[in-house]
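Reading the structure
This is what each chain is made of:
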Amino acid sequence: MDTDFLNKAYQGDKDFWFLSKTGKIADYWISKCKYPDWEDFLPLFTEHTGYKTHTDHGGAVLSYNKDGKYVHQVDKDHKYEKFLKNELAPFRFESIEFEKCWWIKYPVGAFSGLHTHLPLRKLTSIMFLDTLELLDDKPLAGKLQCVTQNPVTGELIGDINKCIAGDVIIMDGKVYHGVYPTLEERRAFVCDFIYEVKFD
C-alpha cells in the first residue's frame, strides 16, 4: 500500500470511503451532506404537543416521542430516514435500522459536553435547523466539535462544524462529539440507527 498516497489523500472522511471500498468500516468515521427539506422539521418546536421533554445538564432542552419513535407528525413518509440511508448506500453496511430520534433546542448559553452514542453498532445523525452568525471574537460559539481518528495513521483529529441550517453530520456512535456554548438559540434534529457491516 502506498502510505504516501494515503497521507496526501486524507481529508476528513476520505479514508472511510477508501476502507469501505475494501470491505472494511472505520470505527471513527464522519460523513457530511445537506438535507433540502430541513424546514419540514421546524414545526416540532412550535406546533406539536404530546411529546416528552427534559433539560440536559448543559441546559439544552431535549424533546421526543414516546419510546423515541420516529417523528411521523412532520415526516410521515420517512423521507429523511430514506435520505440518510441513501447517503450511506456507497458504504458496505449490511443493514441500517432506525432506533430512536429526538429534537434539541439550545437556549443562549446552553451546551452539550463531549459524549458518544453507545453501546452496539450505532451511528448517529445530526441535522442543524438554524444558521448561526460567525463571530470573530468567539469563533467556536454554538459549533459542533467531533473528535475522530484517522483509521490509517491512528492520528486524533478535531473536526469542528459550523451550524448551518440543513447541514447533516452522520457519524459512528463511537465518535466523541459535543456543542460549544451558544450565543444564539440553536436547534437540531438527531436520529440514531443500529447497523451491521457487510464483508465479502
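Residues numbered from 1 in each chain as written. Predicted model: local features only at pLDDT ≥ 70, side-chain atom pairs only at ≥ 80, totals over all residues. Heavy atoms only, no water.

Glancing now at the environment of aspartate 137. Position of aspartate 137 among the secondary structure elements: in the loop between β6 (122-128) and β7 (144-149). The exposure class of aspartate 137 is exposed, given its relative accessible area of 59%. At a separation of 3.4 Å, a polar atom in the side chain of aspartate 137 contacts the side chain of lysine 138. (Helix = DSSP H or I, 4+ residues; strand = E, 2+ residues; numbered from the N terminus. Buried < 20%, exposed > 50% of the residue type's maximum accessible area, 1.4 Å probe, protein only. Polar contact = N/O pair within 3.5 Å; in protein donor to acceptor, adjacent residues only side chain to side chain.)

Another point: the packing of aromatic side chains. Under the counting rule described, the total for this entry stands at 14 aromatic pairs. Judged by centre distance (5.1 Å) and plane angle (75 degrees), the rings of tyrosine 51 and tryptophan 103 are edge-to-face. With tyrosine 51 in the loop between β1 (30-34) and β2 (52-55) and tryptophan 103 in strand β4 (residues 93-106), the pair connects residues that are 52 residues apart, well separated along the chain. The exposure class assigned to tyrosine 51 is partly exposed, which follows from its relative accessible area of 25%. We classify tryptophan 103 as buried; its relative accessible area is 1%. Here the aromatic cluster, defined as three or more aromatic residues joined through ring pairs, consists of Tyr35, Phe41, Tyr80, Phe83 and Phe189. Between the NZ or CZ atom of arginine 186 and the centre of the ring of tyrosine 106, over which it lies, the distance is 5.0 Å. Over the ring of phenylalanine 45 we find arginine 187; its NZ or CZ atom is 5.5 Å from the centre of that ring. (Phe/Tyr/Trp six-rings, centres within 6.5 Å; stacked < 30°, edge-to-face > 60°. Lys NZ or Arg CZ within 6 Å of the ring centre and 35° of its normal.)

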